[in-house]
Amino acid sequence: MNVNLIPLKIKERLNKLDSNDYDHFHCWQYVEAFNKAQLEWVRRQLHGGNIYKEGDESTKRRIDDLQILLERQFLDKKDVTKEKIEFGTLPTDYMEYKRLDVKAKADCGIEKMNSKLVEEANVNEYLRDWTLRPSFEWRETFHTMRGNHFYVYTDTTFEIENVELTYYRKPLDISLTGCENITGEDNGDINPEFKDDIVELLIDEAVSILASDIESPNQIISSSNRVNKNN
């Protein structure tokens, strides 16, 4: 959808029929409301906080809606200790973790390892338990996440060659020519990256945000209902 249609559609849903009650918004407020709506909508879909309780890959619809945000990136090695290797830092557009692919090297060569994200509180338990601790023979290890870095564990019989992070990135912010953002920059026209049917839902989300700002309960209720029914 062309980004210039978004303010028009927001106005159409905010205003009563044949009225100009809510035409006093500045262009940056439409842009800010839409960009905020994107973040809120995506977080809800990833977490399963929508009315259908569907998480990011629990249905074909969620896969289809969110696949545009999936990215992969190799992480730089930061520090090496006896039992773990530190990798980071997270990409600047990082939003949510999906998985970590690990390649390890031992005397017999380089192999892919299955690596499980575990809680920091359980690290000692995993290292003590022979069924859980890292093993090149079984191609199994685990990793934790702390301070925007990943820590991949080893039993000293193998080295971690590289790790590749699969993650959900933040949606791209839209922009309008002649409309400065909060930093005073004019980035020109940047269209929304989602499919048109999702953009329509995001417009309803933006309407709900703006209606809340101006304390317009009817628009809040109607726009929220449209989002939930068509999600």
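Caption draft 1: The arrangement of the environment of Thr 89 in detail. Here Thr 89 is to be found in the loop between strand 3 (84-88) and strand 4 (94-106). For Thr 89, a relative accessible area of 42% puts it in the partly exposed group. In sequence terms Thr 89 and Lys 78 are 11 residues apart; their C-alpha atoms lie 8.6 Å from each other. For Thr 89, the contacting residues outside a window of four places in its chain are Leu 75, Lys 78, Asn 148 and His 149. Engagement of the side chain of Thr 89 in a polar contact is seen with the side chain of His 149, the distance being 3.2 Å.

Caption draft 2: Quick peek at the pattern of salt bridges. What the rule picks out here adds up to 19 salt bridges. Put simply, Glu 57 and Lys 98 hold a salt bridge, and the shortest N to O gap is 3.1 Å. Highlighted residues: Glu 57 in the loop between helix 2 (27-47) and helix 3 (60-66) and Lys 98 in strand 4, separated in sequence by 41 residues. Exposure remark for Glu 57: the relative accessible area of 41% places this residue in the partly exposed category. Between Asp 101 and Arg 99 there is a salt bridge, with its nearest N and O atoms 3.0 Å apart. Among the charged side chains, a salt-bridge network with shared partners connects Lys 9, Glu 12, Arg 13, Glu 200 and Asp 204.

Caption draft 3: Broad picture of unusual backbone geometry. The amide bond that connects Gly 88 to the next residue, Thr 89, takes the cis arrangement and shows omega of -10°. Of note, the phi angle at Arg 139 is positive, near 55°, even though the residue is not glycine. Relative to the helices and strands, Arg 139 is located in the loop between helix 4 (123-128) and strand 6 (140-146). You can call Arg 139 partly exposed: its relative accessible area is 25%. Here Asn 148, not a glycine, exhibits a phi torsion of approximately 65°, which is positive. The residue Asn 148 is located in the loop between strand 6 and strand 7 (149-153) in this model. For Asn 148, a relative accessible area of 47% corresponds to the partly exposed category.

Caption draft 4: Looking closely at the state of the cysteines. Inspection of every chain in the model, using the stated rule, returns 1 disulfide. One disulfide in the model links Cys 27 with Cys 179; its S-S distance is 2.3 Å. Disulfide Cys 27-Cys 179: torsion about the S-S bond near 105°, hence right-handed. Linking Cys 27 in helix 2 with Cys 179 in the loop between strand 8 (159-169) and helix 5 (196-213), this pair joins segments that are 152 residues apart in sequence. The partly exposed category is assigned to Cys 27, whose relative accessible area is 33%.

Caption draft 5: Spotlight on the packing of helix 1 (residues 5-14) against helix 5. Axis separation between helix 1 and helix 5 bottoms out at 9 Å; the angle between their running directions is 55°. Judged by the angle between their axes, helix 1 and helix 5 are oblique. Where helix 1 crosses over helix 5, the handedness of that crossing is right-handed. The segment helix 1 lies against helix 5, with Ile 6, Lys 9, Ile 10, Arg 13 and Leu 14 engaging Glu 200, Ile 203, Asp 204, Ala 206, Val 207, Leu 210 and Ala 211. The residue inventory of the contact of helix 1 with helix 5, partitioned by class, reads 8 nonpolar, no polar and 4 charged.

Caption draft 6: Spatial organisation of helix 1. Of the residues making up helix 1, those classed as buried are Ile 6, Pro 7, Lys 9, Ile 10 and Leu 14. One side of helix 1 holds all its buried residues, which, seen down the axis, span an arc of 165°. Opposite the packed face of helix 1, turned more than 90 degrees from it, sit the exposed residues Leu 8 and Glu 12.

The rules behind each value
- Residues numbered from 1 in each chain as written.
- Predicted model: local features only at pLDDT ≥ 70, side-chain atom pairs only at ≥ 80, totals over all residues.
- Heavy atoms only, no water.
- Helix = DSSP H or I, 4+ residues; strand = E, 2+ residues; numbered from the N terminus.
- Buried < 20%, exposed > 50% of the residue type's maximum accessible area, 1.4 Å probe, protein only.
- Contact = heavy atoms within 4.5 Å.
- Polar contact = N/O pair within 3.5 Å; in protein donor to acceptor, adjacent residues only side chain to side chain.
- Salt bridge = Lys/Arg side-chain N within 4 Å of Asp/Glu carboxyl O.
- Disulfide = S-S within 2.5 Å.
- Axes fitted to C-alpha atoms, helices over the stretch in contact; angles between N-to-C directions.
- Parallel < 35°, antiparallel > 145°, perpendicular 65-115°, else oblique.
- Left-handed = near helix turned anticlockwise from the far one by under 90°.
- Nonpolar A, V, L, I, M, F, W, Y, C, P; charged D, E, K, R; others polar.
- Arc of directions from axis to C-beta.

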